[in-house]
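A look at the structure
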Amino acid sequence: MVLALLLCGLFLLLVVLGLFVFGLRRRLIQRSGGTFDCSLRWEAPEDDTADPKGKGWSYGVARYRGDRVEWFRVFSYAPRPRRMLEREVIEVVNRRTPQGEEELALLSDAVVLACRLRDTRVELAMSEDALTGFLAWLEAAPPGQRVNVA
């Protein structure tokens with residue numbers, strides 16, 4: 001009986017500690033500012049209607065860092081960003097509202113921005129305010145860099 005209570009207490013402590021580390025990691029990411037909630041779908045299908053189920057989206061937090069955006073998965077313990085999007089290679093293809101089951105996979109006020117990074121098609125889903133900031137960041141490239149905003 002005592003062993004069972006001890007094991008249950010240890011399990012509960014590990015769960016609480018794991019949740020605390022998730023929160024601490026997010027706080028450390030947001031500490032420097034310039035962050036926004038952003039879902040990402042890497043290697044998205046070329047045709048927007050090709051995946052009516054809305055699969056492949058990962059919820060995350062993006063952070064501006066100089067000439068790149070660092071993207072972190074929310075449900076991860078990794079201290080480093082999962083993806084880095086360089087400003088000079090981002091080409092905005094189009095913007096759309098979530099379709100079909102994507103509405104369930106994304107935040108309620110999300111706008112989907114389809115981009116091309118060299119040969120990879122990427123979709124970013126963010127709020128309208130975050131989208132305005134992202135497009136302004138893209139257009140604010142230093143002189144001499146090309147900007148690909150559609």
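Here, every reference points to the structure presented above.
Below or above, wherever it landed, is the structure these notes cover.

Procedures and definitions
- Residues numbered from 1 in each chain as written.
- Predicted model: local features only at pLDDT ≥ 70, side-chain atom pairs only at ≥ 80, totals over all residues.
- Heavy atoms only, no water.
- Core = buried A, V, L, I, M, F, W, Y, C linked by side-chain atoms within 4.5 Å.
- Buried < 20%, exposed > 50% of the residue type's maximum accessible area, 1.4 Å probe, protein only.
- Helix = DSSP H or I, 4+ residues; strand = E, 2+ residues; numbered from the N terminus.
- Contact = heavy atoms within 4.5 Å.
- Expected span 1.5 Å × (residues − 1).
- Arc of directions from axis to C-beta.
- Pairing = 2+ DSSP bridges.
- Axes fitted to C-alpha atoms, helices over the stretch in contact; angles between N-to-C directions.

Brief notes about the nonpolar core
In terms of nonpolar packing, the biggest core is built from 23 residues, with I90, L124, M126 and F134 touching the most fellow members. Mapped by element, the contributors of at least two residues to this core are β4 (68-73), β6 (90-96), β7 (111-117), β8 (120-126) and α3 (128-139). Once residues lying within four places of it in the same chain are set aside, the contact partners of M126 are F36, D37, C38, D109, A110, V111, L131 and F134. W57, L106, A110 and V112 belong to the second-largest nonpolar core, a separate cluster that totals 5 residues.

Some points on α3
Counted at 1.5 Å a residue, the expected span for α3 with its 12 residues is 16 Å, and the 17 Å between its end C-alpha atoms agrees. Listed as buried for α3 are A130, L131, F134, L135, W137 and L138. Taken end-on, α3 shows its buried residues confined to a sector of 155 degrees, consistent with a single buried face. In α3, the exposed residues that point more than 90 degrees away from the buried face are D129, T132 and E139.

Here we look at the sheet that holds strand β5 (residues 83-86)
Either a parallel or an antiparallel arrangement is found when strands of a sheet pair, and the pairing is made through backbone hydrogen bonds. If you walk across this open sheet you meet the 4 strands as β1-β3-β4-β5, and the pairing is antiparallel. Strands at the two margins of the open sheet, each flanked by one partner only, are β1 (35-37) and β5. Looking at each pair of strands side by side, their axes are set apart by 25 degrees on average, direction ignored. Here helix α1 (residues 2-30) sits on the sheet and contacts β1, β3 (60-65) and β4; the angle it forms with β3, its principal contact strand, is near 25 degrees. Lying on the sheet, α3 is in contact with β1, β3, β4 and β5; it crosses β3 at an angle near 30 degrees.

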